[in-house]
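Descriptive analysis of the structure
Chain by chain, the residues:
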Amino acid sequence: MAVGGQRLTAAWAGPRPDGRPVVVTGVFDVLHIGHVRFLRDAAERGFPLVVGVEDDDRVRAWKGPGRPVNPAAERAEVLAALRSVAGVFVISGPPEVSDWQDYSELLASLEPVALAYTAGDPHTEAKRVGAEAMGAQAWEFGLTEAHSTSAMLEAITSLG
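In this numbering scheme, every chain counts its residues from 1 along its sequence in written order. pLDDT decides what is reported in this predicted model: residues at 70 or higher carry local features, side-chain atom pairs at 80 or more are listed and counted, and totals for whole chains, interfaces and linings draw on all residues regardless. Just so you know, side-chain values use all the structure's heavy atoms and leave hydrogens and water out.

Turning our attention to helix α3 (residues 72-80). Listed in full, the buried residues belonging to α3 are Ala-72, Arg-75, Ala-76 and Leu-79. Buried residues in α3, looked at end-on, bunch into an arc of 100°, giving them a common side. Set apart from the buried face of α3 by more than 90 degrees, the exposed residues are Ala-73 and Glu-77. Whether a residue is buried, partly exposed or exposed follows from its accessible area with a 1.4 Å probe, protein chains only, as a fraction of its type maximum: under 20%, in between, or over 50%, in that order. Secondary structure is summarised from DSSP: a helix means a run of H or I of at least four residues, a strand means a run of E of at least two, and numbering begins at the N terminus for each. Throughout, the arc means that of the directions going from the helix axis to the C-beta atoms.

Put into structure tokens, the structure is as follows:
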């Protein structure tokens, strides 16, 4: 829940698309084929796909001092360049403000038709509950095995 009255905020990185969107939130630090396939599959359901990118302070608090590799503005620009993505916003707020109520409050004004996430997401249940609270569907998509940013960064580090 919100900590000390602090809330999550969203700043659009470009225009906000029209229509009820499918919403995806995440870090998207180093874009890989798993991200591309997930975003493509979500967009193929026929609704505008908007992506919320966690800001740098939030990512650093969750993933450690070496992350993110790419700043939020650049991550947003890369995602916005994908054909499947209709809009991108950057999520800011204290890292401890991160439960389903906080995200539901942030996303409710978008009137999402669905929240999309990948199988195995550790926050699956929270995303389902949040989607239901907003009157949206919860869409689970398959995970592209052996593709994660953490694994990619580990492989790169082992080369050096």
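What follows is about helix α5 (residues 124-133). All of the buried residues along α5 are Thr-124, Lys-127, Gly-130 and Ala-131. Buried residues of α5, seen end-on, are gathered within an arc of 130° and therefore sit on one face of the element. For α5, the exposed residues lying more than 90 degrees away from the buried face are Glu-132 and Ala-133. Those residues of α5 that are buried are in contact with β2 (22-26), α4 (100-107), β5 (114-118) and β6 (137-141). Positive phi shows up at Gly-135, right after α5, with a value of about 75°. Note on contacts: a residue pair is in contact if any heavy atoms of the two residues lie within 4.5 Å.

Take the packing of aromatic side chains next. Note on ring pairs: Phe, Tyr and Trp rings are taken, using the six-membered ring of Trp, and paired if centres are within 6.5 Å. Classes follow the plane angle, with under 30 degrees stacked, over 60 edge-to-face and the rest tilted. Per the counting criterion, the structure on display carries 4 aromatic pairs. Summarising the aromatic geometry, the rings of Trp-139 and Phe-141 are spaced 6.5 Å apart at their centres and angled 80° between planes, so their arrangement reads as edge-to-face. Residue class for Trp-139 comes out buried when judged on its relative accessible area of 7%. For Phe-141, a relative accessible area of 8% gives the class buried. Feature note: the residues Phe-38, Phe-47, Trp-139 and Phe-141 constitute an aromatic cluster, connected by ring pairs. Two thresholds decide whether a charge sits over a ring: the Lys NZ or Arg CZ must be within 6 Å of the ring centre and within 35 degrees of the ring normal. Directly above the ring of Trp-139 sits Arg-45, whose terminal nitrogen or CZ lies 4.6 Å from the centroid.

Any two strands are treated as partners once DSSP identifies two or more bridges connecting them. If you walk across this open sheet you meet the 6 strands as β1-β4-β3-β2-β5-β6, and the pairing is mixed. Only two strands of the sheet have a single partner each, and these edge strands are β1 (9-12) and β6. Taken over all neighbouring pairs, the strand axes of this sheet differ in orientation by 30° on average, direction set aside. As paired elements, β2 and strand β3 (residues 49-54) share 5 bridges and run parallel to each other. When the sheet's bridge partners are listed, Gly-26 is paired in β3 with Val-53. Lines are fitted to the C-alpha atoms to define the axes, a helix being fitted only along its stretch in contact, and any angle between axes, read from their N-to-C directions, falls within 0 to 180 degrees. Contacting β2, β5 and β6, α5 runs over the sheet at an angle of about 170° to β5.

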